[in-house]
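One letter stands for each residue in the lines below.
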Amino acid sequence: MSASDTAVPATGGPPARCGVAATARGGWWGFLGSAVNAVFGYVLVTLVTRALGAYGAGAVFTGVAAFTILCNTCKLGADTGLVRFVSGDLATTGGREVGALLRSAVLPGAAASTAAAALLFLSPWTATSLLPSLDPDDAVTLVRLFAVFLPLATVTLVLLGATQGYGTVIPFVGVEQIGKPVLRVLIAVPVMLLAPGVLTLAAAWLVPSLAGFVIAWFALRRCRRRSPGPASGPEPAAAGGRGFWAFAAPRAISSVFDISAVWVGVILLSSLATSEEAGIYTAVGRVVIAATLLQLAIRLAVAPEISRLLAVGDLPQACHLHRVSTRWIVLFSWPLLVLLTSFPGTVLSLFGPEFGQGAGALVVLCIASAVNVGVGNAQTVLLMAGKSTWHLAVTGVAFAVQLTVGLLTVPRLGVLGAALSWGAATVVENLLSAALVRRHQGFTIIDRGYLLATLTGLCLTVPLVLPVRLLAGDTTVGLAVAITMGFCAFGISLWRFRTPLGVSELVGVLRERVT
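Fair warning: this is a prediction, and the values are worked out from it, not measured in the lab.

On to helix α14 (residues 359-374), then. Taking 1.5 Å as the rise per residue, α14 with 16 residues should run 22 Å; its terminal C-alpha atoms sit 23 Å apart, in good agreement. Considered for burial, the residues of α14 that qualify are A359, A361, L362, L365, C366, A368, S369, N372, V373 and G374. Positive backbone phi, at 70°, marks G376, one or two positions downstream of α14.

By size, the foremost hydrophobic cluster in this structure holds 135 residues, and its most contacted members are F67, L82, F146 and F244. Split by domain, this core shows at least three residues from each of two domains, domain 1 (18-224) and domain 2 (273-514). Setting aside anything within four residues of it in sequence, one finds F244 in contact with A78, G81, L82, F85, L101 and A105.

Here we come to the packing of aromatic side chains. For the coordinates displayed, the defined rule picks out 8 aromatic pairs. Taking 5.6 Å as the distance between ring centres and 90° as the angle between the ring planes, the aromatic pair formed by F67 and W205 counts as edge-to-face. Of the two residues, F67 sits in helix α1 (residues 15-74) while W205 sits in helix α7 (residues 198-206), which places them 138 residues apart along the sequence. Across the pair, W205 and F67 agree in class, each one buried. Over the aromatic face of F85 sits the side chain of R84, whose NZ or CZ is 5.2 Å from the ring centroid. Residue placement shows R184 over the ring face of W205; its charged tip is 3.9 Å from the ring centre.

Next up on the list: the packing of helix α12 (residues 315-342) against α14. In contact at an axis separation of 9 Å, α12 and α14 are set at 170° when each is read in the N-to-C sense. If you check the angle between α12 and α14, you find them roughly antiparallel. Contacts between α12 and α14 involve T326, I329, V330, S333, W334, L337, L340 and T341 on the former and, on the latter, L362, V363, C366, S369, A370, V373 and G374. Looking at the contact of α12 with α14, its residues break down into 10 nonpolar, 5 polar and no charged.

Confidence along the chain averages 80 in pLDDT terms, with 85% of residues attaining 70 or more. In this model residues 1-17 is a low-confidence stretch, pLDDT under 50, and it forms 41 contacts with partners more than four residues away in sequence or in other chains. Note on residues 509-515: pLDDT under 50 across the span, and 12 contacts to partners over four residues away in sequence or across chains.

As a further point, take the packing of helix α5 (residues 136-165) against α7. α7 packs onto α5 with a crossing angle of 10° between their chain directions and a minimal axis gap of 10 Å. Here α7 runs roughly parallel to α5, going by the angle between their axes. Residues D138, T141, L142, L145, F146 and F149 of α5 touch α7, and the partners they reach there are V198, L199, A202, A203, W205 and L206. Here the contact of α5 with α7 is composed, by residue class, of 10 nonpolar, 1 polar and 1 charged.

Attention now goes to the side chain of T395. Within the secondary structure layout, T395 lies in helix α16 (residues 388-413). Not counting residues within four places of it along the chain, the set of residues in contact with T395 comprises S254, F257, D258, Q379 and E429.

Following the criterion strictly, the structure yields 4 salt bridges and no others. We note a salt bridge from D79 to K75, for which the minimum N-O separation is 3.0 Å. According to the relative accessible area criterion, D79 is buried, its value standing at 13%. The class of K75 is buried, set by a relative accessible area of 3%.

With 12 residues, helix α19 (residues 461-472) should cover 16 Å at 1.5 Å per step; its first-to-last C-alpha distance of 17 Å lies within 8% of that length. Listed in full, the buried residues belonging to α19 are T461, V465 and V468. Each buried residue of α19 lies within a common arc of 65° when the element is viewed along its axis, so the set occupies one face. Set apart from the buried face of α19 by more than 90 degrees, the exposed residues are L470 and L471. Looking one or two residues beyond α19, the residue adopting positive phi is G473, at roughly 80°.

Calculation notes
- Residues numbered from 1 in each chain as written.
- Predicted model: local features only at pLDDT ≥ 70, side-chain atom pairs only at ≥ 80, totals over all residues.
- Heavy atoms only, no water.
- Helix = DSSP H or I, 4+ residues; strand = E, 2+ residues; numbered from the N terminus.
- Expected span 1.5 Å × (residues − 1).
- Buried < 20%, exposed > 50% of the residue type's maximum accessible area, 1.4 Å probe, protein only.
- Core = buried A, V, L, I, M, F, W, Y, C linked by side-chain atoms within 4.5 Å.
- Domains from an automatic or database assignment.
- Contact = heavy atoms within 4.5 Å.
- Phe/Tyr/Trp six-rings, centres within 6.5 Å; stacked < 30°, edge-to-face > 60°.
- Lys NZ or Arg CZ within 6 Å of the ring centre and 35° of its normal.
- Axes fitted to C-alpha atoms, helices over the stretch in contact; angles between N-to-C directions.
- Parallel < 35°, antiparallel > 145°, perpendicular 65-115°, else oblique.
- Nonpolar A, V, L, I, M, F, W, Y, C, P; charged D, E, K, R; others polar.
- pLDDT = per-residue confidence, 0-100.
- Salt bridge = Lys/Arg side-chain N within 4 Å of Asp/Glu carboxyl O.
- Arc of directions from axis to C-beta.

Next comes the structure, spelled out in structure tokens:
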């Protein structure tokens, strides 16, 4: 399937069917990419922790955390802005303003990331403060190595945001979720065998950024060539500048809060506790992100669809799309979260024996993730409705909660404290987002299909898994038995209620031949 296969037509076709179909196909590609990302991310963390131990791995992933936060800061919210504005412009004008939107988005992101990289080179004290337990020379070299790749990674995210605006998730999936993770593992294996070290394994993580930039650039060019373009009239000279940045500026700040929620625990543990605990927490975070990969996949596909529907004033169909996609997320994510909550030590032991210390943290984050999954992609709805200031307020409150709880609990509880801070922020952010989209936009998720999804995904799984956990304990055998029993019961329920759950619609769309 080509990029254009998942592109959303600006006109024509039943809007509900078009939106659900595009979301289903895009969600499938996103799910595939998220699965590959989770598997290879898990493999990479395992390789790094096995080669360097929790202490060395903590240093590497602290650098990754700082790099990721900076990268998402320097893109200035332009990637999300392009998802919303490009998709809306394609729906209303056929893409007349896309060129101006790209100029407005890419240049500031490139300038900001280059300036940030230069500052990292000129302030070695930042490296020694961030990595106090690492040799000072090694810490400075490590941070400067990350700085070299910062502009490339930042611009790549902006370009991929534009391709998503064209209604295709394939470039983003190919670069960020498949290409980079696979290349990182392929590079890390010989490095681990021949020259294992903090600097060399950090370089293995960074080098794929170059290939990602090249692919993103050519993917966007291809999307623009295959787009039908505006029906008539010249391209505006300064289209979208003020309106674009009025939306993107608040998103620039909220995106920092979003990515910081994932990585701030690693930084707090490295600074206030130990690098070993930072390494354990990184492994816990990988497992939690893998458990919510379907939600992340659906988010990629549903964002431009909701933006397109709202751009043409079709609020009822946008609400329908949000309900259906939330039903899919709840149905398939909650059973996995139940299993992880019941057998946390067994899952984490795959990283190494010392990682069992993170079992309590994994339970906390799984419970918080259940709330996240339960409200669907409410935050995406806020952004695609143009409410970036509302989203900023929500993420700001959540980040304040996370930082406050983290500073109070990390010195005492270590990994568990970091998990409590992230979990509290997750619950606050998602409940506030759900309340806002329900009250001010009319987006609701509770209907018969949602209640059935809850019954199948949660109420049916818990009574099956809990007795196994009590009898067999947190063991490999117990996990295997729970998976087998849960899969059988879940499969039967899925078939019995396939129509109200929306599974028939999902399967039907995926079976269609795209023309």
